[in-house]
Amino acid sequence: MLAALGWIVLGLAALNGVVGLEKECRKEGMIAFTFDQGPSQYTGILLTSLAKAGVKATFHVLPDYLDNPVLSANLRRAATDGHLIGLFVKESITEASVKAYLTNASAIVKQYTNYQPQFLRFPLPGPSPGMLKVVTGLGYRVTSYNLDSQDYQALSEVTSPDGKGSVFATVKGILDQIVPPTLGSFICVQRDIVQASVQQMPAILNYTKGRGYKAVKLDECIGAGAELKAADDADDQSGTETTNDLGGDMKGQAVKSNGAPPKCAESLRLLPYACFVLATCLLL
Ligand SMILES: *[C@@H]1O[C@H](CO)[C@@H](O)[C@H](O)[C@H]1NC(C)=O
Ligand SMILES: *[C@@H]1O[C@H](CO)[C@@H](O)[C@H](O)[C@H]1NC(C)=O
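Report on the accompanying structure. Starting afresh in each chain, residues are numbered from 1 along the sequence in its written order. The lettering of chains begins at A and the numbering of ligands begins at 1, in the order of writing. This being a predicted model, a pLDDT of at least 70 is required before a residue's local features are given, and a value of 80 or more before pairs of side-chain atoms are given or counted; all residues contribute to the totals for chains, interfaces and linings. With hydrogens and water set aside, each side-chain value is computed from the structure's full complement of heavy atoms.

Looking only at helices and strands, the protein features 12 helices and 9 strands. Counting only residues that meet the buried cut, the protein has 46% of its 284 residues in that class. The contacts in the protein between residues at least 6 apart in sequence include a share of 80% that link residues at least 24 apart. Roughly 14,000 Å² of accessible area belongs to the protein as shown, and the carbon and sulfur atoms make up 61% of that amount. The helix and strand labels rest on DSSP assignments: H or I over at least four residues marks a helix, E over at least two residues marks a strand, and numbering proceeds from the N terminus. The buried label goes to any residue with under 20% of its type's maximum accessible area, the exposed label to any with over 50%, and the partly exposed label to all in between, with areas taken from a 1.4 Å probe on protein chains only. The contact criterion used is simple: two residues touch if any of their non-hydrogen atoms lie within 4.5 Å. Here the open area of atoms and residues is found with the Shrake-Rupley method and a 1.4 Å probe, where only the protein chains shown may cover a residue.

Pasting the structure below:
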């Protein structure tokens, strides 16, 4: 009995290990479009396409080139258009340097957006468990993706006049493998530094809408309301100024994105584990 409980505790610990790196949305039929490593000179065209389709997306931006007024204008517009602005963590950043990087990058982004980024994206192969622990401990949310547009292969691609090309074909090819009525749920990655990816976005938006997907920002995709509120409560206890700052902004985000009572949603999420523990105890 005790040994079994030990295994259950270990099992839960392992589950906790993967909590923190989200790869898909929590609801069937959702698709979150994410754009990494921008902004770029093409981001404005992308923002117009998104606005025409009435779609909100998520941008994981790099702080490096924002002294370029075209890029900073595009970033500012992305924020005022209501898109979610997160940060891309550069490959060179280590566990030891990540806190300083994020503080600096957040301050730079906040300067243009009046908005504290909370969502992070790491380059492949994704953050190490240690890195994930550090950044989630700082209150950030980390996502990966399960739909790779592979637009990095389209750097020199010329999009055909019908607005289609390899990026559209890759996205369509993956989604077409799912036979309706099942839609699955996706976090898609593109890079707004790739012109072909931006040019093919209207076709991608039209196609996913036609298939019945609901395009959402990452906070709605991963149901961030519950966790963000939880992080906020934890911050209230720790009382350090930076985390409080982040927590406060997160609360605003949570209210905007998710009306459900956060505590309740969080316990519902844990309900299957609780049932599993109970069932195992009863069996023994
Ligand atoms: C902050 O980030 C900018 C843009 O990447 C960089 O130029 C600057 O050196 C950084 N400052 C510090 C203190 O790290
Ligand atoms: C939009 O998608 C529909 C199918 O859902 C298709 O018939 C139509 O040609 C598409 N339009 C464009 C501009 O891609």
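Right, let's talk about unusual backbone geometry for a bit. Put simply, Gly38 and Pro39 share a cis peptide bond, and its omega is -5 degrees. Here the bond from Leu124 into Pro125 is cis, since omega is 5 degrees, no more than 30 degrees from zero. Within the secondary structure layout, Pro125 lies in the loop between strand 5 (119-121) and helix 5 (129-137). At Asn114, a position not held by glycine, the phi torsion is positive, near 55 degrees.

The next point concerns the site of ligand 1. If a single non-hydrogen atom of a residue is within 4 Å of a molecule or strand, that residue counts as near it. Near ligand 1 you find Pro63, Asp64, Asn104 and Ile108, and these make up its full shell. What qualifies as a polar contact is a pair of N or O atoms within 3.5 Å, subject to a donor-acceptor requirement within protein and to the restriction that residues adjacent in sequence count only when both atoms come from side chains. In this structure, an oxygen atom belonging to ligand 1 sits 2.8 Å away from a side-chain N or O atom of Asp64. The protein chains hide 37% of the 360 Å² of surface that ligand 1 would expose on its own. Among the residues making up the shell around ligand 1, the classes are represented as 2 nonpolar, 1 polar and 1 charged. Throughout this entry, Asp, Glu, Lys and Arg are counted as charged residues, while Ala, Val, Leu, Ile, Met, Phe, Trp, Tyr, Cys and Pro are counted as nonpolar. The remaining residues, Gly among them, count as polar.

Strand 8 (residues 186-191) sits mainly inside the fold: 6 of its 6 residues count as buried. Burial of the side chains of strand 8 extends over both faces: Phe186, Cys188 and Gln190 are buried on one face and Ile187, Val189 and Arg191 on the other. Strand pairing follows a simple DSSP-based rule, namely that at least 2 bridges must link the two strands. Judged from the 6 bridges that link them, strand 2 (residues 30-38) and strand 8 form a sheet pairing that is parallel. What sits directly across from Thr34, in strand 8, is Val189. Bridging between strand 7 (residues 147-148) and strand 8 involves 2 bridges; their strand directions are parallel. Across the sheet, residue Asp148 finds its bridge partner in strand 8, namely Val189.

Centre distance within 6.5 Å is the pairing criterion for rings of Phe, Tyr and Trp, where only the six-membered ring of Trp is used; planes under 30 degrees apart are then read as stacked, over 60 as edge-to-face, and the remainder as tilted. In this structure the tally under the stated criterion is 3 aromatic pairs. Each ring, one from Phe168 and one from Tyr207, has its centre 5.9 Å from the other, and the planes form 85 degrees; the classification is edge-to-face. Of the two residues, Phe168 sits in helix 6 (residues 166-175) while Tyr207 sits in helix 8 (residues 201-210), which places them 39 residues apart along the sequence. Relative accessible area serves as the criterion here: at 15%, Tyr207 is assigned to the buried category. When the centroid spacing of 6.2 Å and the interplanar angle of 65 degrees are considered together, the rings of Phe186 and Tyr213 count as edge-to-face. Taken together, the residues span a long stretch of sequence, with Phe186 in strand 8 and Tyr213 in the loop between helix 8 and strand 9 (214-215) at a distance of 27 residues. Take Phe186 and Tyr213: they sit in the same class, and that class is buried.

Mapped onto the secondary structure, Gln195 falls in helix 7 (residues 195-199). Gln195 sits in the partly exposed class, given a relative accessible area of 36%. Considering only alpha carbons, one finds Gln195 and Val158, 37 residues apart in sequence, at a separation of 8.7 Å.

It is worth spelling out the nonpolar core at this point. Think of a nonpolar core as a cluster: buried Ala, Val, Leu, Ile, Met, Phe, Trp, Tyr and Cys residues, connected wherever their side-chain atoms sit within 4.5 Å. Ranked by internal contacts, the top residues of the largest apolar core, which has 68 residues, are Phe33, Leu50, Phe59, Leu102, Leu120 and Val135. Looking at which element gives the most residues to this core, the answer is helix 4 (residues 98-113), with 6 residues. Contact partners of Leu50, with chain neighbours within four places excluded, come to Phe35, Val55, Ala57, Phe59, His83, Met201 and Leu205.

What follows concerns the pattern of salt bridges. Any Lys or Arg side-chain nitrogen located within 4 Å of an Asp or Glu carboxyl oxygen qualifies as a salt bridge. Scanning all chains against the criterion turns up 10 salt bridges. Between Arg211 and Asp176 there is a salt bridge; the shortest N-O distance is 3.5 Å. Taken as a pair, Arg211 in the loop between helix 8 and strand 9 and Asp176 in the loop between helix 6 and strand 8 lie far apart in primary sequence, 35 residues in all. Its relative accessible area of 18% is what places Arg211 among the buried residues.

Fitted lines through C-alpha atoms give the axes, limited to the stretch in contact for helices. The angle between two N-to-C directions lies from 0 to 180 degrees. Between helix 2 (residues 43-53) and helix 8, the least distance of the axes is 9 Å, while the angle of their chain directions is 25 degrees. Regarding the angle of helix 2 to helix 8, the classification is roughly parallel. Handedness of the helix 2/helix 8 crossing: right-handed. Of the residues in helix 8, those in contact with Leu46, Ser49, Leu50 and Ala53 of helix 2 are Met201, Pro202 and Leu205. Residues that form the contact of helix 2 with helix 8 fall into these classes: 6 nonpolar, 1 polar and no charged. With respect to orientation, any angle under 35 degrees is reported as roughly parallel, any angle over 145 as roughly antiparallel, any angle of 65 to 115 as roughly perpendicular, and every other angle as oblique. The sense of a crossing depends on the near helix, which, turned anticlockwise from the far helix by less than a right angle, makes the crossing left-handed and, turned clockwise, makes it right-handed.

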